[in-house]
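The chain contents come next:
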Amino acid sequence: MAKVIEGLYYAESHEYVRVEGEYGYIGITDYAQDQLGNVVYVDMPEVDDEVTAGEEFGAVESVKAASDLFSPVSGTVVEVNEALEDEPELINKDAFANWIIKVELSDKSELDKLMDAAAYEAICK
Amino acid sequence: MNKTYYSKLIFELSRPGRVGYSLPKNEFEGYSLVQLGATQSRQTKTLLPECDELTVVRHYTNMSNNNFGVDTGFYPLGSCTMKYNPKLNEELCQLPGFNIHPMTPAKYAQGSLKLYDEVQKTLAEIAGLSRFTLNPYAGAHGELTGLMVIRQYHMSRGDVARTKIIVPDSAHGTNPASAAVCGLQIVEVKSLADGTVDVEALKPLLGPDIAGMMMTNPNTLGLFETKIPEIARLVHECGGLMYYDGANLNPMLGVCRPGDMGFDVMHINLHKTFSTPHGGGGPGSGPVGVRKGLEEFLPNPKPLSNSPEGEGLYLRCEESSLGYISFFLGNFGIIIRAYAYLLSLGKENIPMAGKLSVLNANYIKESLRSHYELPIDTVCKHEFVFDGLREEYGGDHHSPEHVTTLDVAKRLLDYGFHAPTIYFPLLFHEALMIEPTETESKETLDDFIAVMKKIAEEAKADPQLLKTAPHDTPVRRMDDVKAVKEPKFTFKAL
């Protein structure tokens, strides 16, 4: 059974946001990594790129498929997880610890439209 | 393998001034035919390799020795039907009478046109359909052509609202891809736990916007879809047509017919089911067949009889056709090979091909299920899918260190077998899809089974041996992703 963590915000497209102050750490959920199988490449945006809620910001490729990443929130990319460039499989080891991008949130009210852990767990069944 | 000649590029073997020829003295030194401007004439050296003849011969002979094909070894690549390509096919397609220009007037090409017509009639009988076009160049090209037939049919009735096509989640990736190229929107229908299409999940998807449904039978798990008559009835009731993906036609040969099951349009891969070359570019051939009433929509040109030109077959272009998908009559050399195969087997023996392919697949499946995880336990058709190694052989998916299907496939190369299809279909995490075909002997199957068991034992005893495989191939394990992301196409880029 896929792991779900309390206190994060979840999107239907299986991304999560972990909010710390003005910043959000965005990654894919444990359920998503489990569905994808061995991740072999993560296509990430660059620092200072703008991301928009509901729009594509990159892609994850596994041995099975390439899937677009959709940002659950809007904002500016302040950091990308460079460790994933050489070791994309870190996402399989721990999807919640290995976030993909860190974003300075431009509209915190967008978080209200996302799901909590219980609601997300329900759609993964 | 000779590493000196194989592992180096021809450019690395090059030595300045070395040649493999001797030309007569140039009598026109300094003479140029046309004075070209600076933009048209080369400003740098050509940088072609300079080698003696023997070096060139050894380089390419050693390289060709490292090719792998169905002529060199067992090739259990699931979904690809890598059956043997009889040498008789090659001999017959080289008959001088077939060596004609594609623009030869029909009057002087009656033999070739008759062959085309006999192949199309034979395929129509095998498929239980009315007429085939042999013009498409490959399987996916056939899928696109077949979907264009369906669209043309709806358009001809003024029914322009049918823009969606239903595709099962177990489908070949080419199905949604071809539908998208055809401008159709894809609606996915789920499979049941037994791997077949969920009829209850299909019902709410049907309506006046559905152009049709694409199905593969046996499906990509090698399982026979038993509910086709009901599915076909439901799709027809909503006004859609049924499309049959012929990729898995092999086990059905001479046993049952897509037309009888209710399919309206289908394609066949001659390079799978009818023993024409496959892999390394083929080329392929993807004939498309239709049921009675849809013939007029097939692509132009069509070799038809009863024409104003007189007796025989002449190329016709019909207004009601979907148009051209190729300018001539497909990959004709391949069609000749398929004809040779059809006549070699004959009507009496064609059903044996399908039955033996099913027997071979089940023999391997039952022999290996003790070591590999069999997710759906039933009689398969021409192929089947394992979900990786069994837990006790290091295949526990939940362990991050588990031995993967990729590791097993790479290790197989060390034993001289081509790897099966891996990570397809997507329904299972560690899919390993094996299709032996009917042309393999029991001895070959037994060798393969023994090696697969040995690999499972190795995975248990020494997982690292598999993780670092292959060990004995000319090139070791490659970084597939980097090769795609940072391809180097020229010697200079290295």
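Residues numbered from 1 in each chain as written. Chains lettered and ligands numbered in written order. Predicted model: local features only at pLDDT ≥ 70, side-chain atom pairs only at ≥ 80, totals over all residues.

**What to know about the overall build of chain B**
- In terms of regular secondary structure, chain B is built from 16 helices and 12 strands.
- Overall, chain B is about 75 × 70 × 45 Å in size when its C-alpha atoms are taken along their principal axes.
- Across the 494 residues in chain B, those meeting the buried criterion constitute 42%.
- When contacts within chain B are restricted to residue pairs at least 6 apart in sequence, those whose partners lie at least 24 apart make up 72%. (Helix = DSSP H or I, 4+ residues; strand = E, 2+ residues; numbered from the N terminus. Buried ≥ 20, exposed ≤ 12 C-beta atoms within 10 Å, placed from the backbone. Contact = placed C-beta atoms within 7 Å.)

**A closer look at unusual backbone geometry**
Residue and element names in this part refer to chain B.
- With an omega dihedral of -10°, the bond running from N300 to P301 counts as a cis peptide bond.
- Looking at the secondary structure, you find P301 in the loop between β7 (288-290) and β8 (302-304).
- With omega at -5°, the peptide bond leading from F424 into P425 counts as cis.
- Within the secondary structure layout, P425 lies in the loop between β11 (421-422) and β12 (431-434).

**Things to note about helix α9 (residues 228-237) of chain B**
All names here are of chain B.
- Restricting attention to buried positions, one finds in α9 the residues I228, I231, A232 and V235. The arc enclosing the buried residues of α9, seen along the axis, measures out at 100°, which places them on a common side. Within α9, the exposed residues directed more than 90 degrees away from the buried face are P229, R233 and E237.
- Each element contacted by the buried residues of α9 is listed here: α8 (199-202), β4 (210-216), β5 (241-246) and α10 (258-261). (Arc of directions from axis to C-beta.)

**Re the sheet that holds β4(B)**
Residues and elements named next belong to chain B.
- Pairing in this open sheet of 7 strands is mixed, and the strands run β1-β7-β6-β5-β4-β2-β3 from one edge to the other. In the strand order of this sheet, the two ends are held by β1 (131-133) and β3 (185-189), each with one partner. The mean inter-strand angle of the sheet, taken between neighbouring strand axes irrespective of direction, is 25°.
- Where β4 meets β5, 5 bridges bridge the pair, whose relative direction is parallel. Bridged to G212 within β5 is L241.
- Here helix α5 (residues 110-127) sits on the sheet in contact with β1, β6 (265-268) and β7, set at roughly 125° to β1. (Pairing = 2+ DSSP bridges. Axes fitted to C-alpha atoms, helices over the stretch in contact; angles between N-to-C directions.)

**Let's talk about the domain arrangement of chain B**
- According to the domain assignment, chain B consists of domain 1 (1-66), domain 2 (87-343) and domain 3 (352-485).
- One C-alpha centre belongs to domain 1 of chain B, the other to domain 2 of chain B, and the line joining them spans 46 Å. (Domains from an automatic or database assignment.)

**Regarding the packing of α5(B) against helix α12 (residues 332-368) of chain B**
All names here are of chain B.
- It is at 10 Å that the axes of α5 and α12 come closest, and there the two elements cross at 60°. One finds that α5 runs oblique with respect to α12. Pair α5 / α12 crosses with left-handed handedness. Between α5 and α12, the contacting residues are S112, L115, Y116, E118, V119 and T122 on the first element and F332, I335, I336, A338, Y339 and L342 on the second.
- Broken down by class, the residue content of the contact of α5 with α12 amounts to 9 nonpolar, 2 polar and 1 charged. (Parallel < 35°, antiparallel > 145°, perpendicular 65-115°, else oblique. Left-handed = near helix turned anticlockwise from the far one by under 90°. Nonpolar A, V, L, I, M, F, W, Y, C, P; charged D, E, K, R; others polar.)

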